Amino acid sequence: SGQTRVTSKADAAARFFTGLGVGGEWAAGAALVAETFPQRARPMALGLLQALLWYTERYTSQTGVHVDFRHFNLDAPMSSAVKVAVYRIIQEALTNVARHSGVKEASVKAYTGRGRVHVQIEDHGGGFDARMDTAHEHSFGLTSMRERSIAVGGRLTIRPAPGAGTRVVADLPLVEPPEKGKTS
């Protein structure tokens, strides 16, 4: 038949650019972008667990901070809003680890049980003084995590210990409660 089967988006992009007479590193780079763009643009399209596995691997390769990611039952049914909150809370907490802790390892635990999803992100870095936090640039990220948690009916605690690290704990319902005053 003379047709070649395309096995991935990267293969398709490489063949396209080769057909245009463009080769070498440029074509390889374009092929990589074609392969990874969907995950970068919408990681949640992969599902929560796959998005978190992808993110923690990418985070480690970009920051040099190893993530010990332990999870259980993250494929349990949960609302899209809760999935996004879990992903973004982990993302923001790990961003703070890379920016402020000075460590080379962090741990993430995420699991579901009894109608809730529980998340814990911890490092053993420098920690910070929570009383002074609102004056610092990373307070926006902490506020964002709190707001995401509250928006889905959950709660978030941040336990900093100057000189001993930080622990962020989120406890969220699998499905956010209906808005007050609205009926189903």
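A. Molecular detail of the pattern of salt bridges. Across all of its chains, the model carries 4 salt bridges by this definition. With its nearest N and O atoms 2.9 Å apart, the salt bridge here joins aspartate 171 to arginine 116. Of this pair, aspartate 171 sits in strand E5 (residues 165-173) while arginine 116 sits in strand E3 (residues 116-123), and the two are 55 residues apart along the sequence. A relative accessible area of 10% means that aspartate 171 is categorised as buried. Accessibility expressed as a relative area gives 22% for arginine 116, which makes it partly exposed. Glutamate 122 serves as the salt-bridge partner of arginine 167, at 2.8 Å between the closest nitrogen and oxygen. Here the residue arginine 167 occupies a position in strand E5, and glutamate 122 occupies one in strand E3, the gap between them amounting to 45 residues. Relative accessible area serves as the criterion here: at 13%, glutamate 122 is assigned to the buried category. It is possible to trace a salt-bridge network through shared partners that takes in Arg116, Arg155 and Asp171.

B. Structural view of the packing of aromatic side chains. The tally for this structure, following the rule as stated, stands at 2 aromatic pairs. Between tyrosine 55 and tyrosine 59 the ring centres are 6.0 Å apart and the planes differ by 40 degrees, which places this aromatic pair in the tilted class. Taken together, the residues tyrosine 55 and tyrosine 59, both in helix H3 (residues 48-63) and 4 residues apart, mark about one turn of the helix. According to the relative accessible area criterion, tyrosine 55 is buried, its value standing at 6%. Ring centres 5.8 Å apart and planes at 65 degrees place the aromatic pair tyrosine 55 and tyrosine 87 in the edge-to-face group. Taken together, the residues span a long stretch of sequence, with tyrosine 55 in helix H3 and tyrosine 87 in helix H4 (residues 80-101) at a distance of 32 residues. Judged by its relative accessible area of 2%, tyrosine 87 falls in the buried class. Ring pairing ties together the aromatic residues Tyr55, Tyr59 and Tyr87, which thus form one cluster.

Reading guide: rules and limits
In this numbering scheme, every chain counts its residues from 1 along its sequence in written order. A pLDDT threshold of at least 70 governs which residues receive local features in this predicted model, and a stricter bar of 80 or more applies before side-chain atom pairs are shown or counted, although totals over entire chains, interfaces and linings include all residues. With hydrogens and water set aside, each side-chain value is computed from the structure's full complement of heavy atoms. Any Lys or Arg side-chain nitrogen found within 4 Å of a carboxyl oxygen on Asp or Glu counts as a salt bridge. Numbering of helices and strands runs from the N terminus, with a helix taken as a DSSP run of H or I at least four residues long and a strand as a DSSP run of E at least two residues long. Only protein chains enter the accessibility calculation, which uses a 1.4 Å probe; a residue is then buried when its area is under 20% of its type maximum, exposed when over 50%, and partly exposed in between. The aromatic pairing rule takes the rings of Phe, Tyr and Trp, using the six-membered ring of Trp, and pairs them if the centres are within 6.5 Å, calling planes under 30 degrees apart stacked, those over 60 edge-to-face and the rest tilted.

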